[in-house]
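Structural description and commentary
Here's the letter readout for the chains.
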Amino acid sequence: MRSRRDFLQKFTATALAWPMIQLNTADSLEKIISQPYQGKMLNVAIMGLGSYGSRVAAAMQDCQRAKLTGLISGTPAKVKEWQQKYGIAEKNCYNYENFDQIKDNPDIDAVYVITPNALHHDQVIRVAKAGKQVICEKPMAVNAQQGQEMVDACKQANVKLLVGYRLHFEPKTLEIIHMRKAGDFGKIMFFQGLCGFTIGDPNQWRLDKKLSGGGALMDIGIYAVNGARYMVGQEPEWVTAQENKTNPEKFKKGIDETIMFQLGFPGGAVASCLSTYAMNNLDRFFLDGTDGFAELQPATGYGPIEGKTNKGPLKQPHITHQTKQMDEMAQIILDNKKPEVPVNGEEGVKDLKIMDAIYQAAQTGKKIELKV
Ligand code: NAD
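What you see is a predicted model; the values in this text were computed from it and never measured.

**Comments concerning the environment of lysine 324**
Within the secondary structure, lysine 324 is located in helix α10 (residues 321–335). Classification of lysine 324 as partly exposed rests on a relative accessible area of 31%. Sequence separation between lysine 324 and glycine 307 is 17 residues; the distance between their C-alpha atoms is 19 Å. Apart from residues lying up to four places away in sequence, lysine 324 is in contact with Phe169 and Ile319.

**As for the packing of aromatic side chains**
Scanning the entire structure with this criterion turns up seven aromatic pairs. Summarising the aromatic geometry, the rings of phenylalanine 191 and phenylalanine 285 are spaced 5.1 Å apart at their centres and angled 70° between planes, so their arrangement reads as edge-to-face. In this pair, phenylalanine 191 is assigned in strand β7 (residues 188–196) and phenylalanine 285 in strand β11 (residues 282–289), connecting sequence segments 94 residues apart. According to the relative accessible area criterion, phenylalanine 191 is buried, its value standing at 0%. By relative accessible area, which is 0% here, phenylalanine 285 ends up buried. Grouped by ring-pair contacts, the aromatic residues Phe191, Tyr230 and Phe285 constitute a single cluster. When the ring centre of phenylalanine 99 is taken as reference, the NZ or CZ atom of arginine 126 above it lies at 3.9 Å. Positioned above the aromatic ring of tryptophan 238, the side-chain terminus of lysine 367 is 4.5 Å from the ring centre.

**Points about the sheet that holds β7**
Across the sheet, which stays open at both edges, the nine strands sit in the order β14-β13-β12-β11-β7-β10-β9-β8-β15 with mixed pairing between neighbours. Edge strands, defined here as strands with exactly one partner in the open sheet, are β14 (312–313) and β15 (368–369). Here seven bridges tie strand β9 (residues 258–264) to strand β10 (residues 270–276), and the two strands are oriented antiparallel to one another. Across the sheet, leucine 263 pairs through a bridge with alanine 271, a residue of β10. Helix α7 (residues 171–181) contacts β7, β11, β12 (293–296) and β13 (307–309) of the sheet and is inclined by roughly 170° relative to β12. Its contacts with the sheet put helix α11 (residues 345–364) on β8 (238–244), β9 and β15, and the angle it makes with β8 is roughly 55°.

**Some points on the domain arrangement of the protein chain**
Structurally, the protein chain comprises domain 1 (4–166) and domain 2 (167–369). Once you take the C-alpha centre of each, domain 1 and domain 2 turn out to be 24 Å apart. Taken together, the contact between domain 1 and domain 2 spans 39 residues of the former and 44 residues of the latter. When domain 1 packs against domain 2, close to 3600 Å² is buried across both sides, 64% of that on carbon and sulfur atoms. The largest contributions to the domain 1 side of the interface with domain 2 come from Arg65, Tyr165 and Arg166, which together make up 27% of the buried area. At the junction of domain 1 and domain 2, the tally comes to three salt bridges. A salt bridge links glutamate 346 to lysine 155, with the nearest nitrogen and oxygen atoms 3.2 Å apart. Where domain 1 meets domain 2, there are 25 residue pairs in polar contact (both at pLDDT 80 or more). Of all the secondary structure elements, the ones that give two or more residues to the side of domain 1 that touches domain 2 are β1 (42–47), α3 (51–60), β5 (133–136), α6 (144–156) and β6 (161–163). For the side of domain 1 that touches domain 2, the per-class residue count stands at 24 nonpolar, seven polar and eight charged.

**Regarding the side chain of aspartate 327**
Inspection of the secondary structure puts aspartate 327 in helix α10. With residues near it in sequence (within four places) discarded, aspartate 327 still touches Asp62, Cys63, Gln64, Arg65 and Ala66.

**Quick look at the packing of α7 against helix α9 (residues 216–232)**
When two helices pack together, their arrangement is captured by the angle between the axes and the distance separating the axes. The N-to-C vectors of α7 and α9 enclose an angle of 40°; their axes lie 9 Å apart at closest approach. Regarding the angle of α7 to α9, the classification is oblique. Every residue of α9 that contacts α7 at Thr173, Ile176, Ile177 and Arg180 is listed here: Tyr230, Met231 and Val232.

**Observations regarding the site of the ligand**
Residues in close proximity to the ligand total 23 residues, the closest being Ser51, Asn117, Lys138, Arg166 and Trp205. Taking tyrosine 52, its main chain carries an N or O atom lying 2.8 Å from an oxygen atom of the ligand. Lysine 138 is positioned with one of its backbone polar atoms (N or O) 2.8 Å from an oxygen atom of the ligand. Expressed as a share of its isolated accessible area of 840 Å², the protein-covered part of the ligand is 79%. For the shell around the ligand, the elements supplying multiple residues, two or more each, are α3 and α9. Partitioning the shell around the ligand into residue classes produces 11 nonpolar, six polar and six charged. Counting contributing residues per domain, the shell around the ligand is built from domain 1 (4–166) and domain 2 (167–369), each supplying no fewer than three.

**What to know about the side chain of glutamine 192**
Tracing the sequence through the fold places glutamine 192 in strand β7. Polar contacts involving the side chain of glutamine 192 include one to the side chain of arginine 284, which spans 2.7 Å. Every residue in contact with glutamine 192, bar those within four places of it in the chain, is listed here: Ser272, Arg284, Phe285 and Phe286.

Reading the values: the criteria
Residues numbered from 1 in each chain as written. Predicted model: local features only at pLDDT ≥ 70, side-chain atom pairs only at ≥ 80, totals over all residues. Heavy atoms only, no water. Helix = DSSP H or I, 4+ residues; strand = E, 2+ residues; numbered from the N terminus. Buried < 20%, exposed > 50% of the residue type's maximum accessible area, 1.4 Å probe, protein only. Contact = heavy atoms within 4.5 Å. Phe/Tyr/Trp six-rings, centres within 6.5 Å; stacked < 30°, edge-to-face > 60°. Lys NZ or Arg CZ within 6 Å of the ring centre and 35° of its normal. Pairing = 2+ DSSP bridges. Axes fitted to C-alpha atoms, helices over the stretch in contact; angles between N-to-C directions. Domains from an automatic or database assignment. Buried area = accessible area lost by both parts, 1.4 Å probe. Salt bridge = Lys/Arg side-chain N within 4 Å of Asp/Glu carboxyl O. Polar contact = N/O pair within 3.5 Å; in protein donor to acceptor, adjacent residues only side chain to side chain. Nonpolar A, V, L, I, M, F, W, Y, C, P; charged D, E, K, R; others polar. Parallel < 35°, antiparallel > 145°, perpendicular 65-115°, else oblique. Near = heavy atom within 4 Å. Areas by Shrake-Rupley, 256 points an atom, 1.4 Å probe, with all protein chains shown as cover.

And the structure:
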């Protein structure tokens with residue numbers, strides 16, 4: 001909104017200073033530009049009214065192209081509260097038993113699945129079978145096979161499957177990608193991704209393998225996996241990994257506390273990454289090439305993302321990630337817009353293939369060759 005206002009102020013000032021342009025020209029331009037978007041909106045139901053679902057719902061209130069119109073939850077009290085807060089009709093509210101009926105609801109075009117990781121597979125497939133477009137949170141599933149089944153189910157149902165990779169629309173991240181594509185950093189040689197935080201409550205679903213599918217790598221290390229790919233601009237061909245566990249009582253079997261992993265790319269670039277649930281102050285990407293570098297810190301939080309390159313600080317504006325993501329995803333779904341960095345199910349499967357290999361490498365100590 002601010003940029004539109006800035007543009008109008010600048011344009012009006014220019015127009016007034018230029019005798020050939022009449023005041024009413026600027027007036028009518030203001031009217032045209034200030035018109036709210038009149039076309040088709042993407043009507044979205046959120047499944048899973050938890051902490052991230054709440055953030056997405058709040059951010060969607062500022063969307064131009066996407067609208068929250070439905071809810072899917074197992075907690076009636078939460079549904080009531082959200083209905084009042086966001087004006088959601090009773091007929092657009094479902095629970096986990098009856099949400100297949102959404103297929104008969106013309107008020108809902110897409111379902112955004114924001115539940116614990118291990119539930120995504122079955123829920124996404126059910127949504128696809130109900131004929132609705134699907135957006136699914138990261139990690140899209142708990143292994144690549146599940147991810148591929150979800151991609152196949154959505155293809156078969158002729159619906160799109162998108163993964164909630166909000167950073168693929170983040171301006172400073174995109175600027176680094178543009179600079180890398182323009183050759184500003186020369187030949188890319190190295191990426192470092194440090195992602196972690198100290199996790200609290202030992203009883204939460206994130207530390208229960210049945211619901212999470214794994215530990216820090218599934219939850220936060222995935223940002224380094226995904227970031228390595230969009231920063232380097234290639235797919236890795238091998239992976240090595242080492243696991244460290246200091247608290248086996250909290251981080252039970254199948255829940256990784258800390259994993260260090262390395263990725264090798266065609267042409268010789270390497271990535272060195274850390275994924276952890278046991279350290280704070282870790283949210284940093286660093287990209288190094290023969291002619292320059294880029295750094296983001298914080299790199300993956302909700303923002304503002306901060307960064308610099310060898311040419312100076314990155315000054316792109318902060319945007320609310322989830323508002324931008326949902327407006328862009330509405331255009332991907334409704335207008336077939338092609339995003340600069342893919343956010344489709346296939347993109348999610350690529351991350352899962354690498355994560356499967358990281359777990360295998362950490363368990364066996366072997367270098368795992370990859371075909372992503
Ligand atoms: P949360 O615990 O706050 O919310 C999960 C929701 O799922 C709750 O409302 C819960 O009631 C519901 N749920 C349904 N069935 C459940 C079951 N069997 N057990 C437990 N809960 C159940 O978690 P969250 O932080 O909102 O995470 C949800 C998803 O969103 C995860 O996949 C996570 O990785 C993802 N996420 C993404 C981002 C991002 O920046 N893209 C940030 C946070 C979380």
